[in-house]
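Residue-level structural notes
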Amino acid sequence: GFFQSYAVEVDLKDASNATCLYADWMMRFLITYESNNGDYKTTTLNLSSSVTHNGSVCGNDTQAALVAVQFGEGHSWSINITKNNETYQGDFITLTYNTNDTAVFPDAKRKGPVTVLVKDSSRPVQLNTVYVCHNSFFIEAENTTQIFWNVTMQAFVQNGTVSKKESRCPADTPTSAPTVPPTVANVTTASTTTLSPAPTTAPKPVENPDTGNYSLKSGNKTCFLATVGLQLNVSQDKPLLININPKTTIADGACGNTTATLKLNDGNSTLIGF
């Protein structure tokens, strides 16, 4: 399901009050935690409407830039960005979630802040270029899945002005559109001659999805088995059918005494949790 999350905008200024780092993005987190009765549960941590960015730093040739945000009941997220000759690149991402937040972790066995550190795998971006990623992408580490979308970010901004030159993420790379046979509806003509409707071919139905075998282990024992074919029907401007390909889908999750969580990531911005 989709949950409410708020956008974050950070516009850092240098000593002359010129923009030195700009970031605008949306994110949410899926976190698996152990409950008081030994079960493992997956919860969703969203950004609140009130976000601060204390500790953020512009950075320079010798110091990394830092985007740091704080939200909710003791949660925080940050990314440090390094500059190397003519490029800049995210280095490490740090997520700290607080299981004392009973609204998100109502029965967590472990209490207090938990910190997850993960290497940012994004490719370098040329200086004076803004990084843009509209589509969602995921980072998984230590029982957490970080989900990002609608990202616009530029570090080491020159002359106080965010660049209009964009570097797009792989998730935004367009695919070749299928060739559409000409019909009356999509042919433009200057003639006043009445055209007879051209025969059209009915759209090819989406085939049934391949069946995948997914499993989880607890120690050296299998604790979860699923044999299933999955197809998503997404209602947007028009229905969109997506088959989950078991050959490229990674199964992850955890098993508890009475609850098991299975996460399927198809490597193409689709994450399904059972």
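Below or above, wherever it landed, is the structure these notes cover. None of these values were measured; they are calculated from a predicted model.

For the rest of this paragraph, the subject is the pattern of salt bridges. In total, this model carries 8 salt bridges according to the counting rule given. Between Lys-109 and Glu-34 there is a salt bridge whose closest N-O contact spans 3.8 Å. Here the residue Lys-109 occupies a position in the loop between strand E7 (87–98) and strand E8 (113–119), and Glu-34 occupies one in strand E2 (residues 19–34), the gap between them amounting to 75 residues. Since its relative accessible area comes to 27%, Glu-34 is described here as partly exposed. Linking Lys-263 and Glu-140 is a salt bridge whose minimum nitrogen-to-oxygen distance equals 3.9 Å. Here Lys-263, found in strand E19 (residues 260–265), pairs with Glu-140, found in strand E11 (residues 137–141); they are 123 residues apart in sequence, far enough to count as distant.

Strand E12 (residues 144–154) sits mainly inside the fold: 9 of its 11 residues count as buried. Both E2 and E12 contribute to a ladder of 9 bridges, which runs antiparallel. Within E12, the residue paired with Tyr-22 across the bridge is Gln-154. Relative to E12, strand E10 (residues 130–133) is paired through 3 bridges, and the arrangement is antiparallel. Paired with Tyr-131 across the bridge in E12 is Met-153. Bridge count between E11 and E12: 5 bridges; the pairing is antiparallel. Bridging across to E12, Ala-141 finds its partner in Thr-144.

Reading guide: rules and limits
Going along each chain's sequence as written, the residues are numbered from 1 onward. Given that the model is predicted, a residue must reach a pLDDT of at least 70 before its local features are reported, and side-chain atom pairs must reach 80 or more before they are shown or counted; all residues, however, enter totals for whole chains, interfaces and linings. Processing note: side-chain calculations cover all non-hydrogen atoms of the structure and skip hydrogens and water entirely. When a carboxyl oxygen of Asp or Glu lies within 4 Å of a side-chain nitrogen of Lys or Arg, that pair is called a salt bridge. A run of H or I in DSSP counts as a helix once it spans at least four residues, and a run of E counts as a strand once it spans at least two, with each numbered from the N terminus. Partly exposed residues are those whose accessible area sits between 20% and 50% of the maximum for their type, while under 20% is buried and over 50% is exposed, using a 1.4 Å probe and protein chains only. Strands were regarded as paired on the criterion that DSSP finds at least two bridges between them.

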